[in-house]
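Letter by letter, the chains look like this.
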Amino acid sequence: MHSSRPVNFRTLDLNLLRVFDVVMEERHVTRAAQRLAITQPAVSNALRRLREATNEELFIPTPTGVAPTPHALALWPTVRTALSSLQDALAPQAFDPKAAGNTISFTLAMADATAALVVPSLARRFLEDGVHVGLRIVPLTTRDPREMLEQGRADVAIGFFPDIVTLMGQPGGEAFRKASLYVSRYLCVMRRDHPLAAPEALTLDAYCAAQHLRVSFAGRPHGFVDDALQALGRQRTVAITVNSFFTGGLAVQQSDLLTVLPNSFIPATGISGLLASRELPFKLPDIDISQVWHVRHELDAAQRWLRQMLSEAAAAVRAGTPTMPVLQ
C-alpha cells in the first residue's frame, strides 16, 4: 500500500488525465489506445506516470482488461467533469435534435409502469417538434442501475431507486448523478366488484387473509409489501408473481386476487374503470421516480437535452396530463 502524498499539479502532464478518462470508459488498454490514436505501450506508460504522480494504484489487470481501484473510481468524476468543462469552454458542443442528419440514438431503462406514463409524452413531443433522434426502451429489472449505466447498456435509468443515495455515497458511487422526476404512491388494486372494494372492508386482517399477486421485475420472492407486513408481525399469501404491472392489473381484474400498483399508473392500464383502488391498511414509502445517469454524460449536450426532455415529460405526469385516450 502506498502512502498518499500531495500531487504536484504544476508539473502534472494534463494529457495523462485524458488517457485515464478513456481507460476508465473502456476498461481496456488496447481499446483506449485505439480511441486515443496512440500505441498501447504509450497508454501503459501514461498510466504508469499518473500512478507515480498520485502515488496510488489506479488499475488492476483482469482477464478481460483492467478494473479501476477504489481510488480511481473516486477520482474519475472530478476528472471527467473537469475535462468536459474544458472541452465545453474551448469547443462548445452543438446539438440540434431537429437536424435531419442526426444518427444519435438513446437507450432508456425503465419498468412498464414508468414507460406507460413517460413514453407517450416523449413520443408526442418528438413528433410535434420534428425531433430526429432514436429512442430505445429496455426493461429495468433492478433497483440498482449502476452496472448497466457503467457498462453503457443504458444512457439513463428511470425508476424507483430507494437505496441509490446510499449507494452513491459508497466507493464508486461518485460516478453517478440523480434527479427526481415525480412522486407516486402505492394503492391496493382489485376488480371493481371485489368484496374488499366495499367501504372500510379492506382492514389489515382482511388484507392478510386474501390471496395476492406480486409484481416483481426480477422475480424476487420478497418485496416492499412483504417487508412492511413483516415489520408488523404479519404476512400475506402470494398466489402469483409476475414481472409486469400491466399483467398484474389484467390478472386481478379477472380474479379475486389483490395487487399493489402505483396510483399514477392505474389510469394508464386502459381498464381503470374495471378496477377498484383502495388505500393500503399499512404504510408504504412514497415512490420517488428518478432519472439516474453516469457522470461521463454530465456535460454532453445531447445527453443534457435528453434529460431535459425527461424532466418535461415528468412535469406532464405531475400535472395529471392524460397519457392515453379514454374510449367512450
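Located above this text is the structure these notes cover.
Residues numbered from 1 in each chain as written. Predicted model: local features only at pLDDT ≥ 70, side-chain atom pairs only at ≥ 80, totals over all residues. Heavy atoms only, no water.

Enquirer: Would you mind showing me how to read the overall build of the chain here?
Expert: Across its full length, the chain carries 11 helices and 12 strands. Referenced to the eigenvectors of the C-alpha coordinate spread, the extents of the chain come out at roughly 75 × 50 × 30 Å. Burial status across the chain gives 45% buried among its 328 residues. Across the chain, every contact between residues at least 6 apart in sequence was considered, and the portion connecting residues at least 24 apart equals 75%. Entry remark: accessible area of the chain is about 16900 Å², with carbon and sulfur atoms responsible for 54%. Averaging the locations of the 32 positively and 30 negatively charged side chains of the chain gives two centres separated by 2 Å. (Helix = DSSP H or I, 4+ residues; strand = E, 2+ residues; numbered from the N terminus. Buried < 20%, exposed > 50% of the residue type's maximum accessible area, 1.4 Å probe, protein only. Contact = heavy atoms within 4.5 Å. Areas by Shrake-Rupley, 256 points an atom, 1.4 Å probe, with all protein chains shown as cover. Lys, Arg positive; Asp, Glu negative; His and termini not counted. Charge placed at Lys NZ, Arg CZ, Asp CG, Glu CD.)

Enquirer: Help me understand the sheet that holds strand β11 (residues 275-278), please; the structure alone is not making it clear to me.
Expert: Strand pairing in a sheet relies on backbone hydrogen bonds. The paired strands run either parallel or antiparallel. Strand order in the open sheet formed by 3 strands is β10-β7-β11, with antiparallel pairing between adjacent strands. Both edges of this open sheet fall to β10 (259-262) and β11, since each of them pairs with a single strand only. This sheet shows a mean twist of 45° between the axes of neighbouring strands, independent of strand direction. Taken together, the 4 bridges between strand β7 (residues 186-191) and β10 define a ladder with antiparallel strand orientation. If you follow C188 over to β10, its bridge partner there is V260. (Pairing = 2+ DSSP bridges. Axes fitted to C-alpha atoms, helices over the stretch in contact; angles between N-to-C directions.)

Enquirer: Explain the packing of helix α5 (residues 112-129) against helix α11 (residues 301-318) to me, please; I cannot follow it from the model alone.
Expert: If you want to describe how two helices pack, look at the angle between their axes and the distance between the axes. With their axes 9 Å apart at the nearest point, α5 and α11 run at an angle of 115° to one another. The crossing of α5 and α11 is right-handed. On α11, the residues that touch L117, V118, S121, L122, R125 and F126 of α5 are W305, M309, L310, E312, A313, A316 and V317. Counted by class, the contact of α5 with α11 contains 10 nonpolar, 1 polar and 2 charged residues. (Left-handed = near helix turned anticlockwise from the far one by under 90°. Nonpolar A, V, L, I, M, F, W, Y, C, P; charged D, E, K, R; others polar.)

Enquirer: What should I look at first to understand the pattern of salt bridges in this one?
Expert: Any two side chains of opposite charge can pair, so long as their charged atoms come close to each other. Within the structure shown, the criterion is met by 18 salt bridges. Between E26 and R31 there is a salt bridge, with its nearest N and O atoms 3.2 Å apart. One network of salt bridges, in which partners are shared, links E25, E26, R31 and R35. (Salt bridge = Lys/Arg side-chain N within 4 Å of Asp/Glu carboxyl O.)

Enquirer: Please explain helix α2 (residues 29-36) as it appears in this structure.
Expert: Think of an α-helix as 3.6 residues a turn; residues three or four steps apart then line up on the same face. Those residues of α2 that fall on the buried side of the exposure criterion are V29, A32, A33 and L36. One face of α2 carries all of its buried residues, which in axial projection span an arc of 100°. The elements touched by buried residues of α2 are α1 (15-26), α3 (40-54) and β2 (65-68). Immediately downstream of α2, the backbone of A37 shows phi near 60°, a positive value. (Arc of directions from axis to C-beta.)

Enquirer: Looking at this structure, how should I read helix α10 (residues 245-253)?
Expert: Buried within α10 we find F245, G248, G249 and V252. Down the axis of α10, the buried set is contained in an arc of 100°. They therefore lie on one face. At its buried positions, α10 is contacted by α5, β7, β8 (211-215), β9 (237-242), β10 and β11. At the N-terminal boundary of α10, the capping side chain belongs to S244, with an oxygen 3.2 Å from the backbone nitrogen of F246. (Polar contact = N/O pair within 3.5 Å; in protein donor to acceptor, adjacent residues only side chain to side chain.)

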